Amino acid sequence: MNFLRRVIDLYVDGFRNMTVGRSLWLLILIKLFLFFVVLKLFFFPNFLAKEYSTDEARAQHVRTELLEDK
Amino acid sequence: MNELTTLVDWSRAQFALTAMYHWLFVPLTLGLSVIVAIMETIYYKTHDSDWLGTTKFWMTVFGINFAMGVATGIILEFEFGTNWSNYSWFVGDIFGAPLAIEGLLAFFMEATFIAVMFFGWKKVSPRFHLTATWLTAIGASLSALWILVANSWMQYPVGMEFNPYEMRNVMDDFWALVMSPVAINKFFHSVLSGWTLAGVFVIGVSCWLLLKRRNVATALRSIKVAGWVGLIGILATLATGDGSAKVVSEVQPMKLAAMEGLYRGECGQSITAIGILNPDKKLGDDEQTYLFDISIPYGLSVLAKGHTDEFVPGIEDLLDGIELTQEGDTIKGVSYTERIERGRAAHESLRAFDLAKAEGDTTGMVLAHADLKKNFEYFGYGYFDSVEEAVPNVPMVFYSFHIMVILGGYFLLFYLVVLFFVYRREKIMTSSKLLHLLAMISIPLVWICSEAGWVTAEVGRQPWVIEGLMPAKAAVSDIPAQSVMVTFMLFAVIFTGLLAAEISIMLKYISRKSKENIDNAK
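Residues numbered from 1 in each chain as written. Chains lettered and ligands numbered in written order. Predicted model: local features only at pLDDT ≥ 70, side-chain atom pairs only at ≥ 80, totals over all residues. Heavy atoms only, no water.

When helices and strands are counted, chain A shows four helices and zero strands. Starting at the N terminus and walking to the C terminus, you meet the elements of chain A as α-α-α-α. For 70 residues, the compact-globule estimate of 2.2 N^0.38 gives 11 Å, and the C-alpha radius of gyration of chain A, at 22 Å, exceeds that figure by more than 25%. Projected onto its principal axes, the C-alpha positions of chain A cover 60 × 30 × 15 Å. Looking at chain A residue by residue over its 70 residues, the buried ones come to 31%. Carbon and sulfur atoms provide 63% of the accessible area of chain A, an area that totals close to 4,700 Å². Here chain A holds 10 positive side-chain charges and 8 negative ones, and the gap between their average locations is 15 Å. (Helix = DSSP H or I, 4+ residues; strand = E, 2+ residues; numbered from the N terminus. Rg over C-alpha atoms; globule rule 2.2 N^0.38 Å. Buried < 20%, exposed > 50% of the residue type's maximum accessible area, 1.4 Å probe, protein only. Areas by Shrake-Rupley, 256 points an atom, 1.4 Å probe, with all protein chains shown as cover. Lys, Arg positive; Asp, Glu negative; His and termini not counted. Charge placed at Lys NZ, Arg CZ, Asp CG, Glu CD.)

Moving on to helix α13 (residues 336-358) of chain B. Three- or four-residue spacings in an α-helix give side chains the same orientation, since the helix completes a turn every 3.6 residues. Relative to the 33 Å expected for 23 residues at 1.5 Å per residue, α13 of chain B spans 33 Å between its end C-alpha atoms, a close match to the ideal helical length. Among all positions in α13 of chain B, only Y336, R339, I340, G343, A346, H347, S349, L350, F353 and A356 of chain B are buried. Buried residues belonging to α13 of chain B abut α4 (55-67) of chain A together with β1 (160-163), α10 (253-260), α12 (315-320) and α14 (362-375) of chain B. Where α13 of chain B terminates, the next one or two residues include G360 of chain B, which has phi positive at roughly 70 degrees. (Expected span 1.5 Å × (residues − 1). Contact = heavy atoms within 4.5 Å.)

Okay, unusual backbone geometry next. Residue and element names in this part refer to chain B. Of note, the amide linkage connecting Q462 to P463 takes the cis form, showing an omega dihedral of 10 degrees. Along the polypeptide, P463 turns up in the loop between α17 (433-459) and β7 (464-466). Of note, the phi angle at M167 is positive, near 60 degrees, even though the residue is not glycine. On the secondary structure map, M167 appears in the loop between β1 and β2 (168-171). Phi at Y298 is positive, roughly 65 degrees, even though this residue is not glycine.

Moving on: the interface of chain A and chain B. Each partner contributes residues to the interface: chain A has 38 residues there, and chain B has 58 residues. Among the ionic pairs, R63 of chain A bridges to D354 of chain B, the shortest N-O distance being 3.8 Å. The tally of links between chain A and chain B comes to twelve residue pairs in polar contact (both at pLDDT 80 or more). Within the residue set of the side of chain A that touches chain B, elements represented by two or more residues are α1 (2-16), α2 (20-43), α3 (47-51) and α4 of chain A. Top contributing element to the side of chain A that touches chain B by residue count: α2 of chain A, with 13 residues. Residue classes in the side of chain A that touches chain B are distributed as 22 nonpolar, five polar and eleven charged. (Salt bridge = Lys/Arg side-chain N within 4 Å of Asp/Glu carboxyl O. Polar contact = N/O pair within 3.5 Å; in protein donor to acceptor, adjacent residues only side chain to side chain. Nonpolar A, V, L, I, M, F, W, Y, C, P; charged D, E, K, R; others polar.)

Looking at the secondary structure, you find G63 of chain B in helix α2 (residues 49-69). Exposure remark for G63 of chain B: the relative accessible area of 11% places this residue in the buried category. With 55 residues separating them in the primary sequence, G63 of chain B and F118 of chain B have C-alpha atoms 8.3 Å apart. Here G63 of chain B is in contact with L24 of chain A together with F118 of chain B, once residues within four sequence places are set aside.

This part covers the packing of aromatic side chains. Counted by the stated rule, this structure contains 39 aromatic pairs over all chains. Ring centres of F420 of chain B and F421 of chain B lie 5.3 Å apart, and the angle between their planes is 80 degrees; this geometry places the pair in the edge-to-face category. Counting every residue linked through ring pairs, the aromatic cluster contains F36 and F44 of chain A together with Y21, F25, F78, F491 and F495 of chain B. Between the NZ or CZ atom of R168 of chain B and the centre of the ring of W89 of chain B, over which it lies, the distance is 3.9 Å. (Phe/Tyr/Trp six-rings, centres within 6.5 Å; stacked < 30°, edge-to-face > 60°. Lys NZ or Arg CZ within 6 Å of the ring centre and 35° of its normal.)

Residues and elements named next belong to chain B. In this model, the second largest pocket occupies a volume close to 960 Å³. Along its surface, the second largest pocket is lined by 45 residues, and H189, G241, S244, F401 and M404 are the ones closest to its centre. Secondary structure elements with two or more residues in the lining of the second largest pocket: α8 (181-211), α9 (216-251), α10, β3 (271-277), α15 (394-424) and α17. Considering each element in turn, the lining of the second largest pocket owes the most residues, ten residues, to α9. Its residues assigned to classes, the lining of the second largest pocket comprises 24 nonpolar, 17 polar and four charged. (1 Å grid on protein atoms, 1.4 Å probe; cavity = no way out; pocket = protein on both sides within 12 Å on 5 of 7 lines; lining within 4 Å. Points joined across faces, edges and corners; volume = space filled by probe spheres on them.)

All names here are of chain B. One ladder, built from four bridges, connects β1 with β2; its direction is antiparallel. The residue bridging N163 from the neighbouring strand is R168, located in β2. Taken together, β1 and the strand that follows it, β2, pair antiparallel across an intervening segment of four residues, in which M167 is found at a positive phi of about 60 degrees. (Pairing = 2+ DSSP bridges.)

With that out of the way, let us pick up the domain arrangement of chain B. Residue and element names in this part refer to chain B. Here chain B is partitioned into domain 1 (3-252 + 392-514), domain 2 (256-332) and domain 3 (336-387). A C-alpha centroid distance of 39 Å is found between domain 1 and domain 3. Facing 15 residues of domain 1, the contacting portion of domain 3 comprises 16 residues. When domain 1 packs against domain 3, the two sides together hide about 1,300 Å² of surface, and 75% of this comes from carbon and sulfur. (Domains from an automatic or database assignment. Buried area = accessible area lost by both parts, 1.4 Å probe.)

All names here are of chain B. Looking at the element boundaries, N151 is found in helix α6 (residues 126-155). A polar side-chain atom of N151 sits 3.4 Å from a polar atom in the side chain of K186. The residues touching N151, leaving out its near neighbours within four places in the chain, are F95, K186, W454 and E458.

Let us now look at the pattern of salt bridges. Any two side chains of opposite charge can pair if their charged atoms end up close together. Residues and elements named next belong to chain B. If you walk through the whole model with that rule in mind, you get 19 salt bridges over all chains. Of the charged contacts in the structure, one is a salt bridge between E389 and K473, with a shortest N-O distance of 2.9 Å. Taken together, the residues E389 in the loop between α14 and α15 and K473 in helix α18 (residues 472-475) connect sequence positions 84 residues apart. Here K473 falls in the buried class, since its relative accessible area comes to 14%. A cluster of three or more residues bridged by salt bridges with shared partners is formed by R264, E316, D317 and D320.

Residue and element names in this part refer to chain B. Between α2 and helix α19 (residues 481-514), whose axes approach to 10 Å, the crossing angle comes to 170 degrees. As judged from the angle between their axes, α2 and α19 are roughly antiparallel. Every residue of α19 that contacts α2 at K56, F57, T60, V61, I64, N65 and M68 is listed here: E502, I503, I505, M506, Y509, I510 and K513. Residue classes in the contact of α2 with α19 are distributed as nine nonpolar, two polar and three charged. (Axes fitted to C-alpha atoms, helices over the stretch in contact; angles between N-to-C directions. Parallel < 35°, antiparallel > 145°, perpendicular 65-115°, else oblique.)

Quick look at the structure:
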């Protein structure tokens, strides 16, 4: 329990006393929002997971794709 | 240009843009974490508070760079799922396993100890803090290990068997994957090149402090640590580069031939130290390869094979499947025309398997699978219409390789000069504007060198995404080229904006701290 409290204190005090870190965290949060919310949701769906519901259907699609004349 | 070519080109361009952006931050993290750990070790041993200030200054710079790089690699995984879905499926768990280990072990280890590093100065014992700093450095290298293992498999696919039922490769020997000669060389070459890069960065910034006559003592002690780390880094990078060349000559001889712009090889092959390629040179013609070149006799034979008189095949020798013995006899290997035929035979076997599967013919499936195994190592060649398609972009590979090597040689000299002056001629080191400017100019050069190394490795692998098994044109998803083009543009804008903001934070921090007494750390 004492150990857990010390760990929590480490993070709480650390974040509270940050100087450069505040700008960096803001930048990281903007970046994570852009990457995981904007890009991942709207521009980067997992093609096979979105188009096919089973692994067998995905495998069949890839087989067809790989045997098609390119 | 047809739709497929456009799609492949845009997908490759997008992947290259993302990977090169990601690699702006990674080598500095790898090298700077070691430099910071050494500085803190000196502080721990000497209890000299000046070293504490120096350590904290560079640790914050490390933190800024780490924050700049966070999540940039994730985008590559998004692209695998969207743009390269055939590849993603085909590689099966071979890519998944190393990346999962990277995420679970190395990243969490790194992230946990980074918190102790930054927040724990007055919360944990000095010994525990120092341990956390070293574990952050080790964690960063371990992260890189698993990514590089996955990349090495693409260059040299081992430790797996293709399962036509699932249409994916199944790992059957984890250690063959991890201990492959490509993976071992690539790991040490990449990680130690990070030491070289970080050393130049620290020396460059320190020389800016010297030029401004601010925090001179901090700058000089930083140069000493960075100089030694960088010197060890560049020597080891050169040694592992030599190891890489020998491995590449064995497993990717076409890449080696492109790196040298070598069309026809010979026994006792020279190496081009500096050269300008003839832009009119085409496969199979009699045009000169170079407009100008300075060569080192026997150099390539020594570099690639370890002996002066060994034969090194050129691009056309490889296409013809020709090797020469030291006695001048010709050995006929597997030509690319034959590889294409055997690749097509493998495709036919897979078609037969597919048909048997559709008909529920179990015996037919087993027979077709057995047939497929006979030619599977040439599976990817079956996608080519002509042998020329199997040749990478020679000028791009040649120039990126030579830029890397020339700059690598320059950095060896750079470290020797800097270490000489900082230990033997400290006054000149402190006052010479020429030295300071040279060090500052070297900062962008070391990034160019590092990125050129990756261009050599990855463009030299083309047209393959998995050497011999899958060319880029078979790996892309069935999606419109325009959508990839749009996301490429989007990335270009986002990455440029983020990079500008991030560099601005770093420069502002360095500039602000330079006006204070860095050694006076609390």
